[in-house]
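So the chains spell out like this:
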Amino acid sequence: MHGVTYRGAAVAENSTHGIRADGPAEIGRRVLRLRTAKGLTQRQLAEPAYTAAYISTLEAGRVRPSETALRHLADRLGTTVDELATGRPAHLATRLRMRLTDARRTLATGAAEDAAVRYAALRDEAAGAELTAEQAAAHLGLGDCALETGELTEARDHYAAAEALLAGEPLPRRVPALRGRATAHLLAGELRYACYLLETALDELNASGLHDPDALLLLYTASIAPYMDMGAHARAAHAAELALALAPQVDDPALVAGMHRGVARTLIAEGRIKEADASLAKAQELYQQLHIRTELAHCHWMRGYVRAQNGDLEGAESELRTARDMLASKRAPLFTVQVEVELADVLRRRGKTAEAEGLLSPLLAPTAAESALGAERGAVHAGGAHRLLGLIAEERGLTETAEEHYCAALSLLERTGAAGDLADLCRLLGDLLRRTGRVEAALDAYRTGLGHRAAPGTTTLGPAPAAPPL
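Residues numbered from 1 in each chain as written. Predicted model: local features only at pLDDT ≥ 70, side-chain atom pairs only at ≥ 80, totals over all residues. Heavy atoms only, no water.

- As annotated in an unreviewed UniProt entry, the protein carries the name Helix-turn-helix domain-containing protein and is attributed to Streptomyces klenkii.

Take a look at the structure:
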C-alpha cells in the first residue's frame, strides 16, 4: 500500500455514513487500541448508550458498528468518525492539500524535477488513503511537471489518470486535466487532435448548461494556440473574444493572465501590435505577482515575437534571450529549445548567421540530448529549425543542402497541419526548385502550398463549438 500502514486490507461500503469504511475486524482492532491507550474499560466506553458486551463483540470483529455507534465511539475516544472507520488520520486531506499547494509553489518557482518528487509522494499517500480528489490533483501536478521537462507521453498519462479518477465528477472538475492532455498533444504536433479535445469539451459544457466561467475560460484560452498554428485565425479570434467576455466572472488571476497571453497572439495576427504588447504586459504583471516563472518566461518569449514582427530585432533578441535563460534555469528543456529556434530566426535576420546555425544544428542532430526537437516533440518548431537552416544554406549557395532542409521541414509540418507555416515553406521550396530549372517540381510545390491555404480554419470537427450565454 505504498508504505501507508494505517489501512487494513478489507474495505466495505458503509452506506449509512457515506464513507468507505474498513471491515469489522479492522475497526474492532482500532477501537481496542484507542480504548486501551486512553485507559478506558469496555463499560466506560460503552455507557450510557451501549453495553460492555457490545463493545467486546465489536472489538472481536464480530459486528459492524452503525453510524450512531461510530459517532458515540469517536466522541468517547477523542477521534473522528472518519479516522475510526478508515484508519485515516484526522485532517489528512487538509494536510495533503496544503502540501499540494507547496508542490505547486515549487513548480512555479523552481525546477519541475523537484516538484515531481513531491507530487509523486503525495499521489502515493493519497492513493493509500483513498483520497480521490487529492490523488487526481497530484496526477495533474505530475502532468504539469512532465510538460515542463518535455516528457509529453508521460504528461498525457498523468492527465488521463487524473481524468479517470474524476470520471464521476461534473465536467468542469475534469477540465484542467483535459486541457493539460490537449496541450501535450499540441506540443507533440498533433494540432487537430488538440482542437478535437478542446472543442468536444466546450460543446459538452455548453450543451449541458454547465457554464462554469473558470472551465470555459481555460478551454477557450487553450484553443487559441492550436487554432493559430492551423491557420484558423477566425476561430482563434472568436475564442479570444469569448475569453475576454468571460474574464470578469473569473477570480483566479493565473487564469486571467493566461487569457491575456492567449489573446495577445490573435492581436499580433491582426497587426494590432500595441494592443498585443499591452495584453502581454497585463499577463506579465500578474505572473510576477504570482511568482510563476515559467509563464513569465513565456511572456518574454511572446514579447520577443511581437518585437520581431514590428521590426525591432534588437528588442526581440533581448526578450528571447531573457526567456531562454529563465526556462533553462527552470530546467524546462522543450520550451528552452523552442525559444532557441525563434531566437535563431532573429539572429539570422540581424546578420548573426553563424550564431544562429550554432543554436539550430544541435537541436536536430540524431544523437542530440533529450532536449532535441523532432516529429513527436515540438514538431512545429522542428520544422521551423529546418526551414531556417535551409535559408542559411541558400544564402551560402548550398542548394542541395537547402532543399534537404526544406523537404525535412515539409515532412514535419504536413503531419501537424500548420497551414501558414506549410504555405510559406512550399513557397520557399518552389522558388528554390524554379531557380534550379525544375519548373514542374516547383509548380507541384506551389500547388501544395496553395492547397494548404485554400481552406484555413478547418478542423476535424467541422462547425466551431457553440458559444456560451454571456
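1. Digging into the UniProt feature "domain: HTH cro/C1-type" (unreviewed entry) in the protein
- When the UniProt feature table is mapped onto this chain numbering, "domain: HTH cro/C1-type" (unreviewed entry) sits at residues 31-84.
- From the first C-alpha to the last, residues 31-84 spans 7 Å; its make-up is 67% helix and 0% strand. (UniProt positions renumbered as here; feature names shortened; annotations may be inferred. Helix = DSSP H or I, 4+ residues; strand = E, 2+ residues; numbered from the N terminus.)

2. Things to note about the pattern of salt bridges
- Following the criterion strictly, the structure yields 35 salt bridges and no others.
- Across the pair Glu 317 and Arg 321 runs a salt bridge whose closest N-O atoms are separated by 2.9 Å. Placement of the pair is Glu 317 and Arg 321 together in helix H17 (residues 313-329), with a separation of four residues, close to one helical turn.
- Among the residues examined, Glu 317 registers a relative accessible area of 6% and is labelled buried.
- Across the pair Glu 357 and Arg 396 runs a salt bridge, and its minimum N-O distance is 2.7 Å. In this pair, Glu 357 sits in helix H19 (residues 353-364) while Arg 396 sits in the loop between helix H20 (379-395) and helix H21 (399-416), placing the two residues 39 residues apart along the sequence.
- A relative accessible area of 25% places Glu 357 in the partly exposed class. (Salt bridge = Lys/Arg side-chain N within 4 Å of Asp/Glu carboxyl O. Buried < 20%, exposed > 50% of the residue type's maximum accessible area, 1.4 Å probe, protein only.)

3. Quick look at helix H6 (residues 92-109)
- Between the first and last C-alpha of H6 there are 26 Å, a value that for 18 residues agrees with the 26 Å anticipated at 1.5 Å per step.
- For H6, the full list of buried residues reads Leu 92, Ala 93, Leu 96, Leu 100, Ala 103, Thr 106, Leu 107 and Ala 108.
- Against helix H7 (112-128), helix H8 (132-149) and helix H16 (293-309) lie the buried residues of H6. (Expected span 1.5 Å × (residues − 1). Contact = heavy atoms within 4.5 Å.)

4. With respect to helix H13 (residues 233-246)
- Spanning 14 residues, H13 covers 20 Å between terminal C-alpha atoms, matching the ideal 20 Å at 1.5 Å per step.
- Buried positions along H13 lie against helix H11 (191-208), helix H12 (213-229) and helix H14 (253-269).

5. Quick notes on the packing of H17 against helix H18 (residues 333-349)
- Interhelical geometry of H17 versus H18 gives an angle of 160 degrees and a closest axis separation of 9 Å. Between H17 and H18, the interaxial angle falls into the category roughly antiparallel. The handedness of the crossing between H17 and H18 is left-handed. Residue-level contacts link Leu 313, Ala 316, Glu 317, Leu 320, Arg 321, Ala 323, Arg 324, Leu 327 and Ala 328 of H17 to Phe 335, Thr 336, Val 339, Glu 340, Glu 342, Leu 343, Val 346, Leu 347 and Arg 349 of H18.
- Here the residues of the contact of H17 with H18 are counted per class, giving 11 nonpolar, one polar and six charged. (Axes fitted to C-alpha atoms, helices over the stretch in contact; angles between N-to-C directions. Parallel < 35°, antiparallel > 145°, perpendicular 65-115°, else oblique. Left-handed = near helix turned anticlockwise from the far one by under 90°. Nonpolar A, V, L, I, M, F, W, Y, C, P; charged D, E, K, R; others polar.)

6. Focus on the layout of surface pockets
- One number sums up the size of the second largest pocket: a volume of about 190 Å³.
- As for the second largest pocket, its lining consists of 13 residues, of which Leu 244, Val 263, Thr 266, Leu 267 and Arg 272 are closest to the centre.
- Those elements giving two or more residues to the lining of the second largest pocket turn out to be H13, H14 and helix H15 (273-290).
- Of the residues belonging to the lining of the second largest pocket, the class tally is five nonpolar, three polar and five charged. (1 Å grid on protein atoms, 1.4 Å probe; cavity = no way out; pocket = protein on both sides within 12 Å on 5 of 7 lines; lining within 4 Å. Points joined across faces, edges and corners; volume = space filled by probe spheres on them.)

7. Focus on the domain arrangement of the protein
- Split by domain assignment, the protein resolves into domain 1 (24-86), domain 2 (91-169) and domain 3 (351-454).
- For domain 1 versus domain 3, the distance between C-alpha centres works out to 73 Å. (Domains from an automatic or database assignment.)

8. With respect to the state of the cysteines
- As enumerated under the stated definition, the model contains zero disulfides in all.
- Between Cys 426, a cysteine without a disulfide, and Cys 407, which holds the nearest cysteine sulfur, the sulfur-to-sulfur distance is 9.8 Å.
- Classification of Cys 426 by relative accessible area gives buried; the value is 2%. (Disulfide = S-S within 2.5 Å.)

9. Concerning the packing of helix H10 (residues 171-187) against H11
- Contact geometry for H10 and H11: axes closest at 8 Å, N-to-C directions at 165 degrees. Here H10 is positioned roughly antiparallel relative to H11, judged by the angle of their axes. In terms of crossing hand, the pair formed by H10 and H11 is left-handed. The residues of H11 that touch H10, namely those facing Leu 171, Pro 172, Arg 174, Val 175, Leu 178, Arg 179, Arg 181, Ala 182, His 185 and Leu 186, are Leu 191, Tyr 193, Ala 194, Leu 197, Leu 198, Ala 201, Glu 204 and Leu 205.

10. Points about unusual backbone geometry
- Here the residue pair Glu 47 and Pro 48 is connected by a cis peptide bond, since its omega of 0 degrees sits within 30 degrees of zero.
- With respect to the element layout, Pro 48 can be found in the loop between helix H2 (42-46) and helix H3 (52-59).
- Of note in this structure, His 291 is not a glycine but carries a positive phi near 60 degrees.
- Among the structural elements, His 291 can be located in the loop between H15 and H16.
- In the Ramachandran plot, Arg 331 falls in the positive-phi region, its phi being about 55 degrees despite a non-glycine side chain.
- Mapping Arg 331 onto the fold places it in the loop between H17 and H18.
- For Arg 331, a relative accessible area of 41% puts it in the partly exposed group.

11. Overview of the packing of aromatic side chains
- Taken as a whole and assessed by the stated rule, the structure comprises two aromatic pairs.
- Measuring from centroid to centroid gives 5.1 Å for Tyr 50 and Tyr 54, while their planes differ by 20 degrees, and the two rings are stacked.
- Measuring from ring centre to ring centre gives 5.7 Å for Tyr 193 and Tyr 196, while their planes differ by 25 degrees; the resulting arrangement is stacked. With Tyr 193 and Tyr 196 both in helix H11, this residue pair falls three residues apart, about one helical turn. (Phe/Tyr/Trp six-rings, centres within 6.5 Å; stacked < 30°, edge-to-face > 60°.)

12. Focus: the confidence of the model for the protein
- Across the protein, the average pLDDT comes to 87, with 90% of residues at or above 70.
- Looking over the protein, one finds the lowest element-wise mean pLDDT in strand E1 (residues 11-14), namely 33, and the highest in helix H9 (residues 152-165), namely 96.
- In the predicted structure, residues 454-461 sits below a pLDDT of 50 and forms 19 contacts with residues beyond four places in sequence or in another chain. (pLDDT = per-residue confidence, 0-100.)

13. Points about the side chain of Arg 303
- For Arg 303, the position within the fold is in helix H16.
- On the basis of relative accessibility, which here comes to 14%, the residue Arg 303 falls in the buried class.
- Only 3.0 Å separates the side chain of Arg 303 from the side chain of Gln 284, close enough to count as a polar contact.
- Ignoring anything within four residues of it in the chain, the contact list for Arg 303 reads Asp 277, Leu 280, Ala 281, Gln 284 and Glu 319. (Polar contact = N/O pair within 3.5 Å; in protein donor to acceptor, adjacent residues only side chain to side chain.)

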